[in-house]
Amino acid sequence: LFHFFFSSNLNINDVLGNYSLTLVDALDTLAIMGNSSEFQKAVKLVINTVSFDKDSTVQVFEATIRVLGSLLSAHRIITDSKQPFGDMTIKDYDNELLHMAHDLAVRLLPAFENTKTGIPYPRVNLKTGVPPDSNNETCTAGAGSLLVEFGILSRLLGDSTFEWVARRAVKALWSLRSSDTGLLGNVVNIQTGHWVGKQSGLGAGLDSFYEYLLKSYILFGEKEDLEMFNAAYQSIQNYLRRGREACNEGEGDPPLYVNVNMFSGQLMNTWIDSLQAFFPGLQVLIGDVEDAICLHAFYYAIWKRYGALPERYNWQLQAPDVLFYPLRPELVESTYLLYQATKNPFYLHVGMDILQSLEKYTKVKCGYATLHHVIDKSKEDRMESFFLSETCKYLYLLFDEENPVHKSGTRYMFTTEGHIISVDERLRESPWKEFFSEEGGPDQVGKSGHRPKPQELNVINSSSNCNRVPDERRYALPLKSIYMRQIDQMVGLI
Ligand code: DMJ
């Protein structure tokens with residue numbers, strides 16, 4: 001029955017992976033809430049019961065952001081010498097979560113092999129690699145937003161493989177952007193490099209690609225990541241942004257970011273999706289707070305109308321195009337980051353409003369349920385793992401002014417799945433940097449025939465590598481207190 005159920009529902013199988021996804025994804029939320037007993041219990045449960053040696057086909061992106069990212073975040077919390085969240089240490093901890101992260105990442109590596117562009121396959125089987133009937137098409141966000149987790153893993157292990165393949169994918173995608181608009185599409189063929197989906201926007205298929213260009217720079221300090229982000233941000237402003245120039249003054253409609261054809265910049269449709277609501281949060285990170293305030297207000301207006309965000313909203317018809325709401329975090333995330341940036345109590349009000357709607361419309365006996373229909377408020381029997389890892393975490397942090405995330409001597413960055421990673425010098429170490437730069441600039445990658453294939457780096461063998469995990473406690477550093485607002489300021493202070 002289990003097999004029938006999973007194989008008949010590809011969507012659920014892809015995400016769930018049969019590896020205790022919700023338990024794993026929620027680990028650092030427990031720490032942030034200061035619940036050390038539940039955190040310790042959950043970590044032990046993960047260590048003792050979760051295995052990736054499974055005949056399970058997963059999406060590389062989802063496995064990376066939800067599982068790999070969470071394991072790395074929890075590992076760093078456990079081994080942090082300062083223990084800002086209370087005692088989150090685990091007795092006799094022997095880097096098990098880091099070993100698990102490594103094991104999972106090794107199982108994802110086949111996705112990066114036998115691809116002519118270096119852009120990975122979207123799915124792998126954890127036991128057998130890329131399925132024989134695999135699709136050669138992938139979305140830009142899925143293939144190009146792996147660098148934060150893969151880079152952290154590489155830098156903790158001292159093993160370049162993971163960062164190398166993730167960075168190669170980013171550069172390959174980047175090299176395929178339109179030479180006229182600088183925009184990327186949302187779906188690409190990994191063998192030919194042809195754009196199958198020519199839609200460029202801020203939502204599904206592209207969202208975290210932009211986010212990770214900036215966040216990779218914050219974490220690793222590699223200038224090329226910032227250069228790519230700045231260029232992408234400029235193209236977004238040039239071609240996606242419509243409406244009046246200033247948020248609060250002047251003629252015309254309020255600003256809005258639309259979906260356009262990547263080559264012509266022409267409008268492709270009149271909907272926006274709820275994933276786009278992350279963008280104001282990203283704008284806060286780069287200090288574009290005015291624009292962030294405006295865009296956030298637009299999404300909040302939609303939330304107020306339905307008590308949720310429909311998956312797609314048609315701004316021309318002023319009605320939802322796609323009606324479900326799977327407890328997504330993006331609006332809460334932007335609300336939280338805008339509150340941190342402005343300290344305007346309006347954002348506490350927004351958070352309270354969102355919280356009350358969630359309580360009213362989505363709370364069920366065993367948790368919180370996806371809204372199947374934002375108008376009639378019917379529900380689905382499904383609670384996505386990001387509800388605990390992101391939606392609840394950002395809501396909690398919004399109201400918890402004294403939380404160590406805001407107060408401690410450590411500064412944190414959130415992965416795209418909301419996992420906290422402390423920004424410190426340990427992640428700036430990359431002994432392989434010169435090797436990477438020999439690969440040429442962003443535009444060269446995917447064209448050069450001289451790059452070693454991942455196999456040739458000779459680090460894929462999981463069992464031998466597991467013994468090479470360094471004790472990162474040795475590298476724990478005293479960190480200065482800062483909250484991420486101005487990216488230059490953050491990078492400059494390290
Ligand atoms: C999360 O899994 C991540 O935030 C991802 O980047 C896209 N959005 C979902 C939640 O909506």
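Owing to the predicted nature of the structure, the values given are computational and were not obtained by experimental measurement.

Caption draft 1: The packing of helix 5 (residues 36-49) against helix 7 (residues 96-108), seen in detail. Running from N to C, helix 5 and helix 7 cross one another at 50°; their axes reach a closest spacing of 10 Å. In terms of their interaxial angle, helix 5 and helix 7 are classed as oblique. When the axes of helix 5 and helix 7 are compared, the crossing they make is left-handed. The residues of helix 7 that touch helix 5, namely those facing Val43, Val46 and Ile47, are Glu96, Leu97 and Met100. Along the lines of polarity and charge, the residues of the contact of helix 5 with helix 7 split into 5 nonpolar, no polar and 1 charged.

Caption draft 2: The arrangement of the packing of aromatic side chains in detail. Counting across every chain of the model gives 17 aromatic pairs. Centre to centre, the rings of Phe150 and Phe162 are 6.3 Å apart; their planes meet at 75°, and the pair counts as edge-to-face. Highlighted residues: Phe150 in helix 9 (residues 147-157) and Phe162 in helix 10 (residues 161-175), separated in sequence by 12 residues. Each of the two residues, Phe150 as well as Phe162, counts as buried. An aromatic cluster is present here, built from Phe229, Tyr233, Tyr257, Phe278 and Phe279 joined pairwise through their rings. Taking the ring centre of Tyr361 as reference, the NZ or CZ of Lys377 above it sits at 4.6 Å.

Caption draft 3: Quick look at the side chain of Thr370. Tracing the backbone shows Thr370 in the loop between strand 14 (367-368) and helix 17 (386-399). Residue Thr370 is classed as buried on the basis of its relative accessible area of 1%. Those residues in contact with Thr370 that sit more than four places away from it in its chain are Tyr325, Pro326, Leu327, Ser378, Lys379, Glu380 and Arg382.

Caption draft 4: How the structure looks around the state of the cysteines. Overall, the coordinates contain 1 disulfide when judged by the stated rule. Here Cys247 is linked by a disulfide to Cys294, with a sulfur-sulfur distance of 2.2 Å. Here the disulfide of Cys247 and Cys294 is right-handed, its torsion about the S-S bond being about 95°. With a gap of 47 residues between them, Cys247 in the loop between strand 7 (241-242) and strand 8 (256-257) and Cys294 in helix 14 (residues 289-306) connect regions that are remote in the sequence. Cys294 sits in the buried class, given a relative accessible area of 11%.

Caption draft 5: Local environment of the site of the ligand. All residues adjacent to the ligand are Phe61, Ile65, Asp207, Leu275, Arg328, Pro329, Glu330, Phe386, Glu390, Thr416 and Glu417. The separation between an oxygen atom of the ligand and a polar side-chain atom of Glu390 is 3.1 Å. Its free accessible area being 290 Å², the ligand has 93% of it covered by the protein chains. Elements that contribute at least two residues to the shell around the ligand include exactly helix 6 (60-79) and helix 17.

Caption draft 6: Just the UniProt feature "binding site: Ca(2+)" (unreviewed entry) in the chain, in detail. With numbering aligned to this structure, UniProt lists the feature "binding site: Ca(2+)" (unreviewed entry) at Thr416. Tracing the chain through its elements places Thr416 in the loop between strand 15 (412-414) and strand 16 (420-422). Judged by its relative accessible area of 13%, Thr416 falls in the buried class. With near-sequence residues (within four places) excluded, Thr416 lies in contact with Ile65, Ser208, Glu211, Tyr212 and Glu390. Separated by 2.8 Å, the side chains of Thr416 and Glu211 make a polar contact.

About the thresholds
Residues numbered from 1 in each chain as written. Predicted model: local features only at pLDDT ≥ 70, side-chain atom pairs only at ≥ 80, totals over all residues. Heavy atoms only, no water. Axes fitted to C-alpha atoms, helices over the stretch in contact; angles between N-to-C directions. Helix = DSSP H or I, 4+ residues; strand = E, 2+ residues; numbered from the N terminus. Parallel < 35°, antiparallel > 145°, perpendicular 65-115°, else oblique. Left-handed = near helix turned anticlockwise from the far one by under 90°. Contact = heavy atoms within 4.5 Å. Nonpolar A, V, L, I, M, F, W, Y, C, P; charged D, E, K, R; others polar. Phe/Tyr/Trp six-rings, centres within 6.5 Å; stacked < 30°, edge-to-face > 60°. Buried < 20%, exposed > 50% of the residue type's maximum accessible area, 1.4 Å probe, protein only. Lys NZ or Arg CZ within 6 Å of the ring centre and 35° of its normal. Disulfide = S-S within 2.5 Å. Near = heavy atom within 4 Å. Polar contact = N/O pair within 3.5 Å; in protein donor to acceptor, adjacent residues only side chain to side chain. Areas by Shrake-Rupley, 256 points an atom, 1.4 Å probe, with all protein chains shown as cover. UniProt positions renumbered as here; feature names shortened; annotations may be inferred.

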